[in-house]
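Below are the chains, spelled out letter by letter.
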2 protein chains.
Amino acid sequence: MRIGVLGAGQLGRMLALAGYPLAKTFVFYDLSGSPSAGLGEIIIDRDGKYLDDFLSRVDRVTYEFEHLPVAVAEKIAESHPVYPGPKALEVCQNRQAEKTLFGNLGIPTPQWRMASSAEQLRTVAEELGCPVVAKSNTEGYDGKGQAVLRSPDEAAAAWEAIGHQHLMVEKFVAFSREISIIAVRGIDGDLAFYPMAENVHDQGILRYSIAPAPELNADLEEEARRYIKALLNELDYVGVLALELFETAEGLVANEMAPRVHNSGHWTMEGAFTSQFENHIRAISGHPLGNTGARGVSCMVNIIAEHGDIDRILELPYAHLHLYAKGERPGRKLGHVNVLADSYEELKWRIRNVSQFLPGSPELDCSLTR
Amino acid sequence: MRIGVLGAGQLGRMLALAGYPLAKTFVFYDLSGSPSAGLGEIIIDRDGKYLDDFLSRVDRVTYEFEHLPVAVAEKIAESHPVYPGPKALEVCQNRQAEKTLFGNLGIPTPQWRMASSAEQLRTVAEELGCPVVAKSNTEGYDGKGQAVLRSPDEAAAAWEAIGHQHLMVEKFVAFSREISIIAVRGIDGDLAFYPMAENVHDQGILRYSIAPAPELNADLEEEARRYIKALLNELDYVGVLALELFETAEGLVANEMAPRVHNSGHWTMEGAFTSQFENHIRAISGHPLGNTGARGVSCMVNIIAEHGDIDRILELPYAHLHLYAKGERPGRKLGHVNVLADSYEELKWRIRNVSQFLPGSPELDCSLTR
């Protein structure tokens, strides 16, 4: 089976690495002109001329990047199976649609309002009560296109800084940590859920994901599974879906979802029996889903901006290195290290050992260290 | 780093899958015209015209197939690092040279003689005492180019059947099982040893490898490590080396070695912390060697001739599928399934479960079932 992947970054790369052992082949369709998938045929199409050619070479289509025009996904869906479907893409590209769907399915979210001018931003900031977070409604990830307002007086400056016409404004949520759940749904509607991960961000970028999330209340995990199950079924979703949640004193609050394999699921490559990448390929190919159980405890440590001392990391007997073959650049994800252990205490020190060879890694501040 | 691989079969494929996460790229050089590596650039060179072109695209060279002309490896070594070196290749292509080296290093072998005619074959069969195994000195693998003589009278027929001019004739060894050891040596001489595997063959083809080998005496394992260490150091070897041994009442007896990643090490993909493929790439690239420790117990089940019921295998939560994307053909290795467990008792039943979906799999007959 020939799988076409829209986008050609590291997620596509890891999908392919997981898919070759299942006898799949891959063709990447890249809109940006800077592919990094590194294996498989890559069609660069900056002007949108080669879509038909791409489609003639593949049997079905998935994506590793959700910021592509829904119209493209819809056009593809006329001739090829596209998993997940264009509907999931549409919802995930629009914060208002996403939060509305969450609300309709009974998934708690922060209080939110839309704002289409600096004045409206000021007004909704007053209504919600600061601090609030203002985000571009249709773009932005990894903390880009966002601003925090400590007071309504900051509305004009925030509006200017974000530079978009439609903003979602969310009341700040007092949370103890961010946790995410990754689940997969097959073509036949089968479901499988990974153990949740605790995520640690720094400057808006994910740095650590610890899985299974330490000291997670079983009821909360059950609640998260209910939420993501509702989303998967509502969207008639096929493939891997990620849902980021805040853990608060009042329970879980949904932050956002991503209709694809997700950075907070990279720990599954060695930390679970079947990786999120293999399960995505299984799902979209119509195979049975794989075992999502954890093997011991693990942590994904992102390599950001600089590669650090790779050979020292390779010397650590509990570390697995995954490089994306990308050049160094501030804020860029260059790879990740999966750290394995048999206990959280062991894991904590192993994470610290690894991060000392990665310049700019923030001090580990999470439930393991508090 | 661009790694050139001589040969383009499933071993090259799995080397590449392990090497991409270390930011290596791969070019395959295929002499046969039937590549199956499936990823990376493949240069098919049936007439030997494109070697220079291949070399211009790579920084160093390794191989996944040892039956290539030593002269080719020597020519490459003039301009590029080749790991393992041509000397290892030369020894492994010639049973007489291999067994002589074993003898020089104090590694026990079956009693052997050379025969260059049907008459000589008869004579040495009488000298050694039947049964003996006659094997082409320079070719043959997976049981091809071999014959068993139950009596010296079978010499003429065996000579005819094998059809080669120089045969190694070995006295039959009464062994309780075949076990193999896989080790890796770095450019700096660092060594790492995998736990040994118990191998089960059927009609000359490996069917099961169980690792760590059940009930293995620690002294025997130490002995095997001494042997492979002597070989690695003597050959100034870089990369993964496999050594097949018979376990007998008198201790270990060496069968043969393979200067490459080996089928009896495929269990390491999920059954060890670092796979043999990753460790080979680490070694030839000059990186530190990875942790060779086992994760639980595991068994590699080969998929031979027919793919069987792949989706039923994918449903088993302890099975990992690795397909080579090859067409079905009698005796052909099409893929393998790695079966994981926490105990040998559990493993035994899981192997049986998997093999029921693989037509032609022999009944599991090994130390787990006796």
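Since the model is a prediction, treat every value here as computed from it, not as a measurement.

### Let's talk about the overall build of chain A
Then step 1. When you go through chain A residue by residue, the secondary structure sums to 12 helices and 17 strands.
Then step 2. The principal-axis extents of the C-alpha atoms in chain A amount to approximately 55 × 50 × 40 Å.
Then step 3. About 14000 Å² of surface is accessible on chain A, with carbon and sulfur atoms providing 47% of the total.
Then step 4. One way to put it: in chain A the 35 positive side-chain charges average out to a point 2 Å from where the 50 negative ones average out.

### Re the interface of chain A and chain B
Then step 1. Counting residues at the interface gives 30 residues for chain A, matched by 30 residues for chain B.
Then step 2. In total, about 2700 Å² of surface goes out of reach between chain A and chain B, with carbon and sulfur atoms giving 57% of it.
Then step 3. Here chain A and chain B share 0 salt bridges between them.
Then step 4. Listing elements by their share of the side of chain A that touches chain B, those giving two or more residues are helix 1 (10-19), helix 10 (276-285), helix 11 (310-315) and strand 16 (319-323) of chain A.
Then step 5. Looking at the side of chain A that touches chain B element by element, the count peaks at 5 residues for strand 16 of chain A.
Then step 6. Residue composition of the side of chain A that touches chain B, by class: 16 nonpolar, 6 polar and 8 charged.

### What to know about the relation of the copies chain A and chain B
Then step 1. It takes a turn of 180 degrees to lay chain A on chain B, together with a shift of 0.0 Å along the axis; the resulting RMSD is 0.1 Å. Seen this way, the second copy is the image of the first under a two-fold rotation axis. Within chain A, Leu-17 of chain A has its C-alpha nearest the rotation axis, a separation of 3.0 Å.
Then step 2. Same-surface contact between copies: 100% of interface residues of chain A are shared with the interface of chain B.

### Things to note about the domain arrangement of chain A
Then step 1. With domains assigned, chain A is organised as domain 1 (2-82), domain 2 (111-171) and domain 3 (177-355).
Then step 2. On a C-alpha basis, the centroid separation for the pair domain 1 of chain A and domain 2 of chain A is 34 Å.

### Some words on the pattern of salt bridges
Then step 1. Following the criterion strictly, the structure yields 41 salt bridges over all chains and no others.
Then step 2. The salt bridge partner of Lys-99 of chain A is Glu-170 of chain A, with a shortest N-O separation of 2.9 Å. One end of the pair, Lys-99 of chain A, is in helix 5 (residues 95-104); the other, Glu-170 of chain A, is in strand 8 (residues 167-171), and 71 residues separate them in sequence. Judged on exposure class, the residue Lys-99 of chain A and its partner Glu-170 of chain A are both buried.
Then step 3. With its nearest N and O atoms 3.5 Å apart, the salt bridge here joins Lys-135 of chain B to Glu-170 of chain B. Taken together, the residues Lys-135 of chain B in strand 6 (residues 132-136) and Glu-170 of chain B in strand 8 (residues 167-171) connect sequence positions 35 residues apart.
Then step 4. Counted as one network, the salt bridges with shared partners bring together Glu-41, Asp-53 and Arg-57 of chain A.

### Notes on the state of the cysteines
Then step 1. Per the counting criterion, the structure on display carries 0 disulfides over all chains.
Then step 2. Note on Cys-299 of chain B: no disulfide assigned, nearest cysteine sulfur contributed by Cys-366 of chain B at a separation of 7.5 Å.

### Considering helix 1 (residues 10-19) of chain B
Then step 1. The buried fraction of helix 1 of chain B is high, at 10 of 10 residues.
Then step 2. Of all the residues in helix 1 of chain B, the buried ones are Gln-10, Leu-11, Gly-12, Arg-13, Met-14, Leu-15, Ala-16, Leu-17, Ala-18 and Gly-19 of chain B.

### Looking at the sheet that holds strand 6 (residues 132-136) of chain A
Residue and element names in this part refer to chain A.
Then step 1. Pairing within the open sheet is antiparallel, and its 4 strands lie in the order 5-8-6-7. The open sheet has two edge strands with one neighbour each: strand 5 (112-115) and strand 7 (146-149). On average, each strand axis in the sheet is inclined to that of its neighbour by 25 degrees, with strand direction left out of account.
Then step 2. By the bridge criterion, 4 bridges tie strand 6 to strand 7 in an arrangement that is antiparallel. Bridged to Val-133 within strand 7 is Val-148.
Then step 3. Of the strands in this sheet, strand 5, strand 6, strand 7 and strand 8 touch helix 6 (residues 118-128), which is tilted by about 165 degrees from strand 5.

### Here we look at the packing of helix 6 (residues 118-128) of chain B against helix 7 (residues 155-162) of chain B
Residues and elements named next belong to chain B.
Then step 1. Remark: helix 6 packs on helix 7, axes separated minimally by 8 Å, with the N-to-C direction vectors making an angle of 125 degrees. If you check the angle between helix 6 and helix 7, you find them oblique. The two elements helix 6 and helix 7 meet at a crossing, and its hand is right-handed. Facing helix 6, whose interface residues are Ala-118, Leu-121 and Arg-122, helix 7 presents Ala-155, Ala-156, Ala-158 and Trp-159.
Then step 2. For the contact of helix 6 with helix 7, the residue count by class is 6 nonpolar, no polar and 1 charged.

What counts, and where the lines are drawn
Residues numbered from 1 in each chain as written. Chains lettered and ligands numbered in written order. Predicted model: local features only at pLDDT ≥ 70, side-chain atom pairs only at ≥ 80, totals over all residues. Heavy atoms only, no water. Helix = DSSP H or I, 4+ residues; strand = E, 2+ residues; numbered from the N terminus. Areas by Shrake-Rupley, 256 points an atom, 1.4 Å probe, with all protein chains shown as cover. Lys, Arg positive; Asp, Glu negative; His and termini not counted. Charge placed at Lys NZ, Arg CZ, Asp CG, Glu CD. Contact = heavy atoms within 4.5 Å. Buried area = accessible area lost by both parts, 1.4 Å probe. Salt bridge = Lys/Arg side-chain N within 4 Å of Asp/Glu carboxyl O. Nonpolar A, V, L, I, M, F, W, Y, C, P; charged D, E, K, R; others polar. Least-squares fit on C-alpha atoms with pLDDT ≥ 70 in both. Domains from an automatic or database assignment. Buried < 20%, exposed > 50% of the residue type's maximum accessible area, 1.4 Å probe, protein only. Disulfide = S-S within 2.5 Å. Pairing = 2+ DSSP bridges. Axes fitted to C-alpha atoms, helices over the stretch in contact; angles between N-to-C directions. Parallel < 35°, antiparallel > 145°, perpendicular 65-115°, else oblique. Left-handed = near helix turned anticlockwise from the far one by under 90°.

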